[in-house]
Amino acid sequence: HKDDNIRTAAKQLFKALIKKFQTVCASVVVQMFQSVTDKMSVERSRVSLNNLYFKHLDPCNASYKPFFLKEAVYLAFGLRYFELHHALKNSGVSFNVIGEILTADLQMYGKSNNFKVPFLCARVIWLLGRLKDDINKQQATRQFAYTQILTHLQALPDSVNDDDLVNEVLLLRLTAAQALYRLMDDTGFEPKDFAPFLQQTFVFLLQLVRDCDASLDCMQDVLRYVCVCIRQNSLILSAQDDSVFTTEQSQQIVDSIFQSMGGVWDSCDSTESNMCRVELLRCVAELIQCMSPSSVHRLYPTLMRMITFCTECVDDDARLCLHEPGLELWQKVLYHSHTLEPSMDALLDTCWYAHMQTNSDFFDVLMAILKSYLLLGGDQFVQRHAMQIGASLTAIIPDISEMDEAFSKVSDTLCVFVQLFPAQSPQFLYQIIEHLVTEFIEVIDREKNMQFGQQQSTLMTAEQQFVPTMISKLRIESYMLFFCRLMLANTDGMLQVFETMQ
């Protein structure tokens, strides 16, 4: 524990020194890099590897010090690689030379040599992630990095009974996952070059999530990497770019990924693992956007189980963290569906109304969910739920009319309703219309008095009456859009409503 603290402090000191004394420090780091990677050092390391077992590595043993020194130098090299460019150029160390050195290291210390020095192999893999700017410049270097990272992302066979080696390789796999994430989360990333590795990557990453179940933080980190991998390769997964895979092949990959995610969901069956489910839900939401509507409907049984578990209002504080990602997944599934299924229709009764009453923090996504229901369900949906929806909207309108963003979301949903059901809208929305008309007139009067004073109010022009002061343009626009939509969709019906209000 103390050694970890010392190393952390040393890393911070090194960063500060190279920032302040870049020229001197960069030259020293490059010289050390050349020293630990010259032919004589490599040959000595190769001899030391004979009959070596990683558990015997002792930093106090002079024979093994070169391994620990090389790992430290590689750490310094990667921490401030960008600042070393000039010194590397002056010393004649090209990027190709660095690649040859790292290739030789992985062959000596990594999987191809039975993980002789796992911690040094992990540092080399970590270094690949730190060199992303140069690696992502060329297709050949990208392909090399992907191959090496995925080689060391793979789990050991079940036949390996050495728990110490399994744990060492697990740390190496976590490092490989992070390095892959850094390479993908970059503007230089090319999905077409990564496509041959895509399906294998998801298999290895999701297996890694299950294998590191002893650490919630590690599980969450790897799931974040999965989410980035889906997002960065979405064009290929959704078959929008069909130059690599056919639509059927892309769909098979997506189905396979979702099936593995379902396995991870089932394994997160404790209260403590709910935070892991939060990240998993975000991965699923990203994946849904890569699916065709027919595929989404085929996966409804699992999706509905996830959504219901996350969004049902139960007296369980441990599940509060699941509400937001669960609602977002609900909205995504609705958006990418082509019809309203009975199980999804029933979810409105069991979950949506309860959240409308209690969770104002999620108002935006709740309105998006209702909007999707209206678009999918049509007349039959409105007939079944008219009273409940009307009551919910009528109850919340007074509370949110002065909250610009929330009011804008409601007015947008109301406009969709009017557009879909113009004949029924004036009567169905009567209470809401009455409230908003009254409130709008009061708001304009209040603004008029605030801006020009009570005595000057009769002298204002029509243009002055609608100059916003405290009221925002967004709220004015929300009122106007709703009223105009009503008048255009059903003029006679609206005039009758206005007559009853007088």
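Analysis parameters
Residues numbered from 1 in each chain as written. Predicted model: local features only at pLDDT ≥ 70, side-chain atom pairs only at ≥ 80, totals over all residues. Heavy atoms only, no water. Helix = DSSP H or I, 4+ residues; strand = E, 2+ residues; numbered from the N terminus. Rg over C-alpha atoms; globule rule 2.2 N^0.38 Å. Buried < 20%, exposed > 50% of the residue type's maximum accessible area, 1.4 Å probe, protein only. Contact = heavy atoms within 4.5 Å. Areas by Shrake-Rupley, 256 points an atom, 1.4 Å probe, with all protein chains shown as cover. Lys, Arg positive; Asp, Glu negative; His and termini not counted. Charge placed at Lys NZ, Arg CZ, Asp CG, Glu CD. Core = buried A, V, L, I, M, F, W, Y, C linked by side-chain atoms within 4.5 Å. Phe/Tyr/Trp six-rings, centres within 6.5 Å; stacked < 30°, edge-to-face > 60°. Lys NZ or Arg CZ within 6 Å of the ring centre and 35° of its normal. Axes fitted to C-alpha atoms, helices over the stretch in contact; angles between N-to-C directions. Parallel < 35°, antiparallel > 145°, perpendicular 65-115°, else oblique. Left-handed = near helix turned anticlockwise from the far one by under 90°. Nonpolar A, V, L, I, M, F, W, Y, C, P; charged D, E, K, R; others polar. Salt bridge = Lys/Arg side-chain N within 4 Å of Asp/Glu carboxyl O. Expected span 1.5 Å × (residues − 1). Arc of directions from axis to C-beta.

Structural notes on the overall build of the protein chain
- When its secondary structure is counted, the protein chain shows 27 helices and zero strands.
- Over its C-alpha atoms the protein chain spans a radius of gyration of 31 Å, topping by over 25% the 23 Å that the globule rule assigns to 502 residues.
- Expressed along its principal axes, the backbone C-alpha trace of the protein chain runs to roughly 95 × 55 × 45 Å.
- A burial count over the protein chain gives 48% of its 502 residues as buried.
- Put simply, of all contacts in the protein chain between residues at least 6 apart along the chain, 72% involve residues at least 24 apart.
- In the form shown here, the protein chain has an accessible surface area of approximately 25100 Å², with 52% of it arising from carbon and sulfur atoms.
- The centroid of the 41 positive side-chain charges in the protein chain is displaced by 12 Å from the centroid of its 59 negative side-chain charges.

Section: the environment of G263
- Among the secondary structure elements, G263 is positioned in helix α15 (residues 247-267).
- Judged by its relative accessible area of 30%, G263 falls in the partly exposed class.
- Considered as a pair, G263 and L206 are 57 residues apart in the sequence and their alpha carbons are 9.0 Å apart.

Focus: the nonpolar core
- F77, M261, W330, M344, W352, Y373 and F482 are the most contacted members of the largest nonpolar core, which has 163 residues in total.
- Not counting residues within four places of it along the chain, the set of residues in contact with M344 comprises Y300, M304, W330, V333, L334 and Y373.

Focus on the packing of aromatic side chains
- Within this structure, the stated rule accounts for 22 aromatic pairs.
- Ring geometry for F482 and F483: centres 6.0 Å apart, planes at 40 degrees, overall tilted. With respect to burial, F482 and F483 carry one shared label: buried.
- Taken together, the ring pairs in this structure connect F407, F440, Y479, F482 and F483 into an aromatic cluster.
- In this structure, R277 is placed above the aromatic ring of F309, and the distance from its NZ or CZ to the ring centre is 4.8 Å.
- Lying over the aromatic face of F309, R319 brings its terminal NZ or CZ to 4.0 Å of the ring centre.

Some words on the packing of helix α20 (residues 342-358) against helix α21 (residues 363-400)
- Taken N-terminus to C-terminus, the directions of α20 and α21 make an angle of 160 degrees; their axes are 9 Å apart at the nearest point. By the angle between their directions, the pair α20 and α21 is classed as roughly antiparallel. Along this stretch, α20 crosses α21, giving a crossing that reads as left-handed.
- Among the residues making up the contact of α20 with α21, the classes are represented as 15 nonpolar, four polar and three charged.

Some words on the pattern of salt bridges
- Evaluation of the coordinates by the stated rule reveals 18 salt bridges.
- Close ionic contact of D186 with K132 constitutes a salt bridge, the shortest N to O distance being 3.8 Å. Residue D186 is located in the loop between α10 (163-184) and α11 (191-194), and its partner K132 is located in helix α8 (residues 132-135); the two are separated by 54 residues in the primary sequence. Exposure class is identical for D186 and K132. Each is buried.
- Taking the shortest distance from any N to any O, the salt bridge between R305 and D266 comes out at 3.2 Å. Here R305, found in helix α18 (residues 300-311), pairs with D266, found in helix α15; they are 39 residues apart in sequence, far enough to count as distant.
- Looking at D266, the relative accessible area reads 44%, which means it is partly exposed.
- Each of D221, R224, E279 and R282 takes part in salt bridges that share partners, so that together they form one network.

Regarding helix α26 (residues 473-489)
- Look at α26: 24 Å from first C-alpha to last across 17 residues, which is about the 24 Å you get at 1.5 Å a residue.
- Among the residues of α26, those classed as buried are R475, I476, S478, Y479, F482, F483 and L486. One side of α26 holds all its buried residues, which, seen down the axis, span an arc of 165 degrees. Across from the buried face of α26, at angles greater than 90 degrees, the exposed residues are K473, L481 and L488.

Here's the deal with the side chain of Q148
- Along the chain, the position of Q148 falls in helix α9 (residues 139-151).
- The buried category is assigned to Q148, whose relative accessible area is 17%.
- Residues contacting Q148, with those up to four places away along its chain left out, are L106, I125 and L128.

Examining α20
- When the terminal C-alpha atoms of α20 are compared, their 25 Å separation across 17 residues agrees well with the 24 Å that a helix rising 1.5 Å per residue should span.
- The complete set of buried residues in α20 reads M344, D345, L347, L348, C351, W352, Y353, H355 and M356.
- As for α20, its buried residues are in contact with α18, α19 (323-335) and α21.

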